[in-house]
Amino acid sequence: MAKEPMLKFVSVGRDMPEKRTADARKEDFGEIYAEFSKQKAEEQASRCSQCGVPYCQTHCPLHNNIPDWLRLTASGRLKEAYEMSQETNTFPEICGRICPQDRLCEGNCVIEQSGHGTVTIGSVEKYITDTAFDEGWVAPIAPTHERAESVGIIGSGPGGLAAADRLRRQGIQVTVYERSDRAGGLMMYGIPSFKLEKDIVLRRVKQLEDGGVTIVLNCNVGTDISFDDLRAKHDAVLIATGVYKSRDLQGPGSGSKGIVRALDYLTASNKVGFGDKVAEFESGELNAEGKKVVVIGGGDTAMDCVRTAIRQGATSVKCLYRRDRANMPGSQRETQNAEEEGVEFVWLSAPNGFAGDPVSGVMVQKMRLGAPDASGRQSPELIEGADYVEEADLVVKALGFEPEELPKLWGTDGLEVTRWGTVLADFKTHVTSLAGVYACGDIQRGASLVVWAIRDGREAADAILDQVNAAAAVAAE
């Protein structure tokens, strides 16, 4: 049996459709891999072929030493396996849950490529780290000596927290500024609990706070504190805000009631799970119960929305995507999970407008795939005369995220951005155009994966350490 979580996270809505298996339902309600025993972990780990070219490792953004900690796991040396995993990954138990392993390590497993089924790397990674917490193997953050230098981190998502962990372990005084009421960024409010239990995130936040990291909540840079004041207060500043501006849809009826942003929808569901009162959920505005739901988009956020709608008791859930299944950007594993749960995918379909106010339907244009675009993906083309209306009581726009205009929001000059609006920074040192200011994660690279944000945060922390060490050396001369 799975242990009781530190925080009881309440599931919202009805049970899953009967065609879902009992094991799958356990996964849905925060008991991910509850049956993944030590024996199963060792069995899976022992399947690793220890190949000469570890494609699993090279395709991991963190370049985790996967074959070696799998070998340790297969030998029953779980503590050593955890310690090796932790060396390169600040949050292995989180990556084990939400990384798209089918596109990264597991998808490039030699055994998978040979047709014998991948080693379930993600589940082993999650298991050994959860075991480490249960057994007390996870050492507290305890710097050997304190330093006077301080770093301010804007944003408490995976990049910001990874940097905070790395800096604090070196004795740096770290303050994280978070505009939301809970730390964790999109891990807290943008990812559903059936994929990432919130007590798992809170456990890491508590570890950081217990280790001396100060986290200031409900602090909006540019309003509650100026960016210039932050720079004056700290020896270095790391921008790790993520990207939260939702891409929008135009067309007739786009402003109708009942058309909502994916982030608003997911945040409301997660807040209700915490027991918070959310007026928009209680009014039905951000609640799918009893409604025909249409989600527009083909990424992982769209998959989170359709699966959340199923759990809330929607009468039907459809996902519109303008390309076909092979060309969708989201995880194929997530798509399969959604289909098993009763979601209907309407491929090669794009919205052209909305009927009714409140919304009663999505005007759909049927598409076909034409010549490849600049990225190599086939571009969708309109099929004339194939329009129709897809009935809907709730429409969720899951079209991806863009960066906010930080220089304008923060009233600061000299912070250069790219033509996409992301902060311009070196991709190795993460140095921006402002002295002592760094950037990492989605606000630098654009909307991406948690694992990339962790890598960026670790790299940025190392660059900041180089800066403060160099300054200290000069001061000591």
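Located above this text is the structure these notes cover.
Procedures and definitions
- Residues numbered from 1 in each chain as written.
- Predicted model: local features only at pLDDT ≥ 70, side-chain atom pairs only at ≥ 80, totals over all residues.
- Heavy atoms only, no water.
- Helix = DSSP H or I, 4+ residues; strand = E, 2+ residues; numbered from the N terminus.
- Rg over C-alpha atoms; globule rule 2.2 N^0.38 Å.
- Contact = heavy atoms within 4.5 Å.
- Areas by Shrake-Rupley, 256 points an atom, 1.4 Å probe, with all protein chains shown as cover.
- Lys, Arg positive; Asp, Glu negative; His and termini not counted.
- Charge placed at Lys NZ, Arg CZ, Asp CG, Glu CD.
- Salt bridge = Lys/Arg side-chain N within 4 Å of Asp/Glu carboxyl O.
- Buried < 20%, exposed > 50% of the residue type's maximum accessible area, 1.4 Å probe, protein only.
- Core = buried A, V, L, I, M, F, W, Y, C linked by side-chain atoms within 4.5 Å.
- Axes fitted to C-alpha atoms, helices over the stretch in contact; angles between N-to-C directions.
- Left-handed = near helix turned anticlockwise from the far one by under 90°.
- Nonpolar A, V, L, I, M, F, W, Y, C, P; charged D, E, K, R; others polar.
- Expected span 1.5 Å × (residues − 1).
- Pairing = 2+ DSSP bridges.
- Phe/Tyr/Trp six-rings, centres within 6.5 Å; stacked < 30°, edge-to-face > 60°.
- Lys NZ or Arg CZ within 6 Å of the ring centre and 35° of its normal.

Draft legend 1. Representation of the overall build of the protein. Regarding its fold elements, the protein presents 19 helices and 16 strands. The C-alpha radius of gyration of the protein comes to 23 Å, within 12% of the 23 Å expected for a compact globule of 477 residues. Seen through its principal axes, the protein has C-alpha atoms that stretch 75 × 55 × 45 Å. Considering only intrachain contacts with a sequence separation of at least 6, the fraction spanning at least 24 residues in the protein is 70%. Only carbon and sulfur atoms are counted for the fraction: they give 49% of the accessible area of the protein, which is about 20,600 Å². Counting 54 positive and 70 negative side-chain charges, the protein places the centres of these two groups 2 Å from one another.

Draft legend 2. Spatial organisation of the pattern of salt bridges. Scanning all chains against the criterion turns up 37 salt bridges. We note a salt bridge from Asp 264 to Arg 261, for which the minimum N-O separation is 2.8 Å. The class for Asp 264 is partly exposed, based on a relative accessible area of 30%. Among the residues examined, Arg 261 registers a relative accessible area of 29% and is labelled partly exposed. Through salt bridges that share partners, Lys 195, Asp 304, Arg 307, Arg 311, Glu 334 and Glu 341 make up one connected network.

Draft legend 3. Main features of the nonpolar core. With 66 residues, the main nonpolar core has Leu 70, Ile 153 and Leu 167 as its most contacted residues. Beyond its immediate chain neighbours, meaning those up to four positions away, Leu 167 contacts Val 151, Ile 153, Ile 172, Val 174, Ala 461, Ile 464 and Leu 465.

Draft legend 4. Region of interest: unusual backbone geometry. Residue Pro 358 is bonded to the preceding Asp 357 through a cis peptide linkage, with omega at 10 degrees. Locating Pro 358 in the fold gives a position in the loop between strand 10 (349–355) and strand 11 (361–372). Backbone geometry at His 63 places phi at a positive 55 degrees, although glycine is not the residue there. As for its position among the elements, His 63 is in the loop between helix 3 (55–58) and helix 4 (66–74). Given a relative accessible area of 40%, His 63 falls into the partly exposed group. Residue Leu 348 is not a glycine yet carries a positive backbone phi of 50 degrees. Summarising the element assignment, Leu 348 is placed in the loop between strand 9 (344–346) and strand 10. Residue class for Leu 348 comes out partly exposed when judged on its relative accessible area of 23%.

Draft legend 5. Spatial organisation of the packing of helix 4 against helix 8 (residues 121–135). Close contact between helix 4 and helix 8 brings their axes to 11 Å; oriented N to C, the two are set at 65 degrees. Here helix 4 and helix 8 pass one another in a crossing that is left-handed. Counted together, Ile 66, Trp 69, Leu 70 and Thr 73 of helix 4 and Ile 121, Val 124, Glu 125 and Ile 128 of helix 8 form the full contact between these two elements. Residue classes in the contact of helix 4 with helix 8 are distributed as six nonpolar, one polar and one charged.

Draft legend 6. Here's a closer look at helix 15 (residues 300–312). If you check helix 15, its first and last C-alpha atoms are 18 Å apart, about what 13 residues at 1.5 Å a residue would give, namely 18 Å. Of the residues making up helix 15, those classed as buried are Ala 302, Met 303, Asp 304, Cys 305, Val 306, Arg 307, Thr 308, Ala 309, Ile 310, Arg 311 and Gln 312. Immediately downstream of helix 15, the backbone of Gly 313 shows phi near 95 degrees, a positive value.

Draft legend 7. Geometry of the sheet that holds strand 3 (residues 214–216). Across the sheet, which stays open at both edges, the five strands sit in the order 3-2-1-4-16 with parallel pairing between neighbours. Two strands in the sheet have a free side with no partner beyond their single neighbour: strand 3 and strand 16 (437–439). Here the strands of the sheet are splayed against their neighbours by 20 degrees on average, with no regard to which way each runs.

Draft legend 8. A look at the packing of helix 9 (residues 158–168) against helix 11 (residues 198–210). Direction vectors running N to C along helix 9 and helix 11 enclose 35 degrees, while the axes themselves pass 10 Å from each other. Relative to helix 11, helix 9 is oriented so that their crossing is left-handed. From helix 9, Leu 161, Ala 164 and Asp 165 reach across to helix 11, where they touch Val 205, Gln 207 and Leu 208.

Draft legend 9. Here's a closer look at the side chain of Thr 129. Relative to the helices and strands, Thr 129 is located in helix 8. Non-local contacts of Thr 129, meaning those with residues more than four positions away in its chain, are made with Tyr 82, Pro 92, Glu 93 and Arg 204.

Draft legend 10. Representation of the packing of aromatic side chains. Across all of its chains, the model carries three aromatic pairs by this definition. Between the aromatic rings of Phe 227 and Trp 410, the centroid separation amounts to 4.9 Å while the plane-to-plane angle is 20 degrees, which identifies the pairing as stacked. Of this pair, Phe 227 sits in helix 12 (residues 227–233) while Trp 410 is found in helix 17 (residues 406–410), placing the two residues 183 residues apart along the sequence. Note on Trp 410: relative accessible area 9%, which makes it buried. Here Phe 345 and Trp 347 contribute two aromatic rings whose centre-to-centre distance is 5.1 Å and whose plane-to-plane angle is 10 degrees, an arrangement assigned as stacked. Judged by relative accessible area, Phe 345 falls into the buried class, the value being 11%. Overall, Trp 347 belongs to the partly exposed group, its relative accessible area being 22%. Here Arg 182 stacks its cationic end above the ring of Phe 274, 4.0 Å away from the centre of that ring.

Draft legend 11. Summary view of helix 8. For helix 8, with 15 residues, the first-to-last C-alpha span of 21 Å sits near the 21 Å given by 1.5 Å per residue. Counting buried residues in helix 8 gives twelve out of 15 residues, a clear majority hidden from the surface. Looking only at helix 8, the buried set comprises Ile 121, Gly 122, Ser 123, Val 124, Glu 125, Lys 126, Tyr 127, Ile 128, Thr 129, Asp 130, Thr 131 and Ala 132. Check the buried side of helix 8 and you find it contacts helix 2 (38–46), helix 3, helix 4, helix 5 (78–88), helix 6 (92–98) and helix 11. Of the residues flanking the end of helix 8, it is Gly 136, one or two places downstream, whose phi is positive at about 80 degrees.

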